[in-house]
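Chain and residue survey
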Amino acid sequence: MKKMKLLIIFFSLILTSNSCSKKEDIAVIKDNSSTQKMYYNGKIFTVNEAQPWAEALIIEKNKIVFVGSNSEAEQKIEKGAEKINLKGKLVLPGFHDVHMHPMEVGSTTTVFTLNENESDAENYISIIKKAAQDNPNVKWLIGFGHSIGALFDAQRSPLEIIDEAVSDRPVIIMEQTSHSMWINSKGLEMAGITGASKNPQGGIIMKDNGALNGVLIDNAGDLVYQQALTALKDANGEYDGMVSYVLPELAKHGITSVSDARTYWKRDQHKTWKNLADNGKLTARFNLGLWAYPTADDASQIASLKTLFENNENSLLKINQIKLYSDGITHNTTAALHSNYKEDYFNQPTNNGLNYFTENRIAKYVQELESVGFDFHIHAIGDRGVTEALNAIQKSGSDKGRHRLTHVEMVSLSDMNRFKQLNVTADAQVAGDFTQPQNWHHNNHLLGSTLADNQVPIKSLKEAGARLTLSSDWNVSSLNPFIGLQNAVTRSPQNISLEEAIKAYTINGAYVMRQENKVGSLEVGKLADFVVLDRDIFTISTSQIKQTKVILTIFNGKEIYKK
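Rules used throughout
- Residues numbered from 1 in each chain as written.
- Predicted model: local features only at pLDDT ≥ 70, side-chain atom pairs only at ≥ 80, totals over all residues.
- Heavy atoms only, no water.
- Pairing = 2+ DSSP bridges.
- Helix = DSSP H or I, 4+ residues; strand = E, 2+ residues; numbered from the N terminus.
- Axes fitted to C-alpha atoms, helices over the stretch in contact; angles between N-to-C directions.
- Contact = heavy atoms within 4.5 Å.
- Left-handed = near helix turned anticlockwise from the far one by under 90°.
- Nonpolar A, V, L, I, M, F, W, Y, C, P; charged D, E, K, R; others polar.
- Salt bridge = Lys/Arg side-chain N within 4 Å of Asp/Glu carboxyl O.
- Buried < 20%, exposed > 50% of the residue type's maximum accessible area, 1.4 Å probe, protein only.
- Polar contact = N/O pair within 3.5 Å; in protein donor to acceptor, adjacent residues only side chain to side chain.
- Core = buried A, V, L, I, M, F, W, Y, C linked by side-chain atoms within 4.5 Å.
- Domains from an automatic or database assignment.
- 1 Å grid on protein atoms, 1.4 Å probe; cavity = no way out; pocket = protein on both sides within 12 Å on 5 of 7 lines; lining within 4 Å.
- Points joined across faces, edges and corners; volume = space filled by probe spheres on them.
- Arc of directions from axis to C-beta.

Read from one edge to the other, the open sheet built from 6 strands follows the order 10-11-12-13-15-14, with strand pairing classed as mixed. Two strands bound the open sheet, and with one partner strand each, they are strand 10 (110-113) and strand 14 (203-208). Adjacent strand axes in the sheet meet at a mean angle of 30 degrees when their direction is disregarded. Relative to strand 15 (residues 211-218), strand 13 (residues 180-183) runs antiparallel, the two being bridged by 3 bridges. Across the sheet, Met-181 pairs through a bridge with Leu-216, a residue of strand 15. In this fold helix 6 (residues 158-165) packs onto strand 12 (171-174), strand 13 and strand 15, with an angle of close to 55 degrees to the strand it touches most, strand 13. Along the sheet face, helix 8 (residues 219-232) touches strand 10, strand 11 (141-144), strand 12, strand 13, strand 14 and strand 15 and points at about 90 degrees away from the line of strand 15.

Okay, structure coming up:
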């Protein structure tokens, strides 16, 4: 019996050793007689200019009470405190992703996915048919993922193709960027769209020689998509998707603060968020960006939005941002340009993009809602869209807001300095391959080489004094911050330093979320949100940064992920 006990102890020690060395490579000494924890022997990049680097942190409950050297930490730590040897690992503040769509990613309403790299739309028929067979009781069949290019290049009308797949119930498929929908005849009928229907604000109902072709551009598609989701009433699916998939994914990637870039409050998404918060499910800090509906009556919408503002300092959930679109996107030719596109897809009166919200409407919303406490998160991709959004903020007399323009793919030289002048943050996404300089020429046929040859100019914006944040737009691009960091430092001629890229993912993001006094850097008095990495991204080749993994995520003083 004694021999068996010794064997059990022996194997237990082996397993414990393997766990420390292979899983997290971090040694832990526990006592539990103190509320303090000391993380020592690390390489800690604090993002605090007064003390950029440290070896050790001491946290008490959820707050940082010491940042400094190992020797100083040993002198200050309470007797009986837990000690975690980081073994030289790199530590960063928790990442902020100030533009993503977590609830949309986690929703279970999407029952099938199409390959965005498929060039022949005819090959989608079998996939859509199978989805219909596998989901016989779904009122609206919702899919995701195709490229609009496959529909534009099809030999038949996209409506004929999707009707061949399913004709007896409505089908709607969101294109990979979310800026167009592919819908069958039954869906068009349910939405009340006919050949005589007028384009809604911020959208285009595509037609071939006056006949519907099953493609709804920008807000024309979003209106029907929201109708479909409302019919399905999938609040439980959104809640469950957040708990089972989205929140664990955020923790895995070291993301501890998020701005939801489009909260559909008319579908009560904000209430689902509140349920998550009330039930203690949130493992990150969230700011919601309430969606400004382009076709809504301004007075009634503004009045409704005012009632939804919430900014409880002690809550992980704040409803303190407004998300609206100035324009569309480039490859749909709906991003707003100062010039005309080189190709005309829609045969509309103008060919320089569209506006979800005009300059004067944006100014009205900012003026009315900034006084309540809302900050604005404005989608602006084309150079005209950027100019008009900046003009609107200037017209509004804004002086309290922490507004930002997101995407900023094309920025006129005359607008570069205005970001700093107006205290407007430039929020960029560079994780997607399409933002890489080697792919800029793919837009030459739409923009011309001069305009196409300087996409997402983060270096120019930084040099002009703009505050820069980096975000994912998940799931348009990967939420992995290390892909964004690698691309940010390697995308010459529009690249920035690694230190600046990390600031864009941490303290600058904290600023636009109005929590820079609490998180975003590792300083005494701030909350303990930080990540431990499996490699030192300051010393490895920049081409290897995207391979980095988080091995430990601490949120609000608690371990929420360990590899």
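At a minimum axis distance of 11 Å, the contact between helix 11 (residues 298-308) and helix 12 (residues 359-370) shows a crossing angle of 35 degrees. Here helix 11 and helix 12 pass one another in a crossing that is right-handed. On the side of helix 11, the interface is formed by Asp-298, Gln-301, Ile-302, Leu-305 and Lys-306, while helix 12 contributes Arg-361, Lys-364, Tyr-365, Glu-368 and Leu-369. Taken together, the residues that form the contact of helix 11 with helix 12 break down as 4 nonpolar, 1 polar and 5 charged.

Attention now moves to the pattern of salt bridges. Under the criterion given, the structure shown has 25 salt bridges. With a closest N to O distance of 3.8 Å, Asp-268 and Lys-271 form a salt bridge. Here Asp-268 falls in the partly exposed class, since its relative accessible area comes to 35%. The salt bridge partner of Glu-310 is Lys-274, with a shortest N-O separation of 2.6 Å. Of the two residues, Glu-310 is situated in the loop between helix 11 and strand 18 (317-325) and Lys-274 in helix 10 (residues 269-278); the sequence distance between them amounts to 36 residues. Taking relative accessible area as the criterion, Glu-310 reaches 32% and is therefore assigned partly exposed.

Pairing within the open sheet is mixed, and its 6 strands lie in the order 4-3-8-23-24-25. Each end of this open sheet is capped by a strand with a single partner; those strands are strand 4 (53-54) and strand 25 (558-562). Bridge analysis of strand 8 (residues 90-93) against strand 23 (residues 530-533) gives 3 bridges, and the strand direction is antiparallel. Of the residues in strand 23, the one forming a bridge with Leu-92 is Val-531.

Here Asn-85 is to be found in strand 7 (residues 82-85). A polar contact is formed between the side chain of Asn-85 and the side chain of Asn-41, at a distance of 3.1 Å.

Generally speaking, soluble globular proteins have nonpolar side chains that are buried together. Ranked by internal contacts, the top residues of the largest apolar core, which has 131 residues, are Ile-128, Leu-250, Phe-286, Leu-405 and Phe-419. When residues in this core are grouped by element, the largest group, 6 residues, is from helix 9 (residues 235-252). Built from parts of two domains, this core gets at least three residues from each of domain 2 (95-101 + 236-520) and domain 3 (109-232). When residues no more than four places from it in sequence are discounted, the contact partners of Phe-286 are Met-242, Leu-247, Leu-250, Val-258, Trp-273, Leu-316, Leu-317, Lys-318 and Met-513. In terms of nonpolar packing, the next biggest core, distinct from the first, is built from 18 residues, Val-91, Leu-522, Ala-528 and Val-532 among them.

Quick look at unusual backbone geometry now. Of note, the bond from Trp-474 into Asn-475 is cis; its omega dihedral lies within 30 degrees of zero at 15 degrees. By secondary structure assignment, the location of Asn-475 is in the loop between strand 22 (468-470) and helix 18 (481-490). Following Ser-492, the chain continues into Pro-493 via a peptide bond in cis, with omega recorded as 15 degrees. On the secondary structure map, Pro-493 appears in the loop between helix 18 and helix 19 (498-505). The phi dihedral of Asp-218 is positive, around 50 degrees, even though this residue is not glycine. Within the secondary structure layout, Asp-218 lies in strand 15. A positive phi angle, near 55 degrees, is found at Asn-556, a position not held by glycine. With respect to the helices and strands, the residue Asn-556 is situated in the loop between strand 24 (550-555) and strand 25. Residue class for Asn-556 comes out partly exposed when judged on its relative accessible area of 25%.

Time to look at the layout of surface pockets. Here the idea is plain: a probe the size of a water molecule rolls over the atoms and shows the empty space left. What the largest pocket holds in volume is close to 1000 Å³. In terms of lining, the largest pocket is formed by 41 residues, of which the most central are Gln-176, Thr-177, His-331, Phe-434 and Asn-443. Among the elements of the structure, helix 5 (148-152), strand 18 and helix 15 (444-447) are those that each provide at least two residues to the lining of the largest pocket. At 3 residues, the largest contribution of residues to the lining of the largest pocket is made by helix 5. Among the residues forming the lining of the largest pocket, the class breakdown is 11 nonpolar, 22 polar and 8 charged. Two domains each put at least three residues into the lining of the largest pocket: domain 2 (95-101 + 236-520) and domain 3 (109-232). There is about 280 Å³ of room inside the second largest pocket. If you go around the second largest pocket, you meet 20 residues; those closest to its centre are Glu-104, Val-105, Thr-110, Phe-144 and Asn-475. Those elements giving two or more residues to the lining of the second largest pocket turn out to be helix 3 (102-106), strand 10 and helix 8. In terms of residue count, helix 3 provides more of the lining of the second largest pocket than any other element does, 3 residues in total.

Looking only at helix 11, the buried set comprises Asp-298, Gln-301, Ile-302, Leu-305 and Leu-308. Taken around the axis of helix 11, the buried residues stretch over an arc of 115 degrees, which confines them to a single face. Facing away from the buried side of helix 11, by more than 90 degrees, are the exposed residues Ala-299 and Thr-307. Tucked into the core, helix 11 has its buried residues touching helix 10, strand 17 (285-291), strand 18 and helix 12.

Spatial relationships are all this shows, so hold off on functional conclusions.
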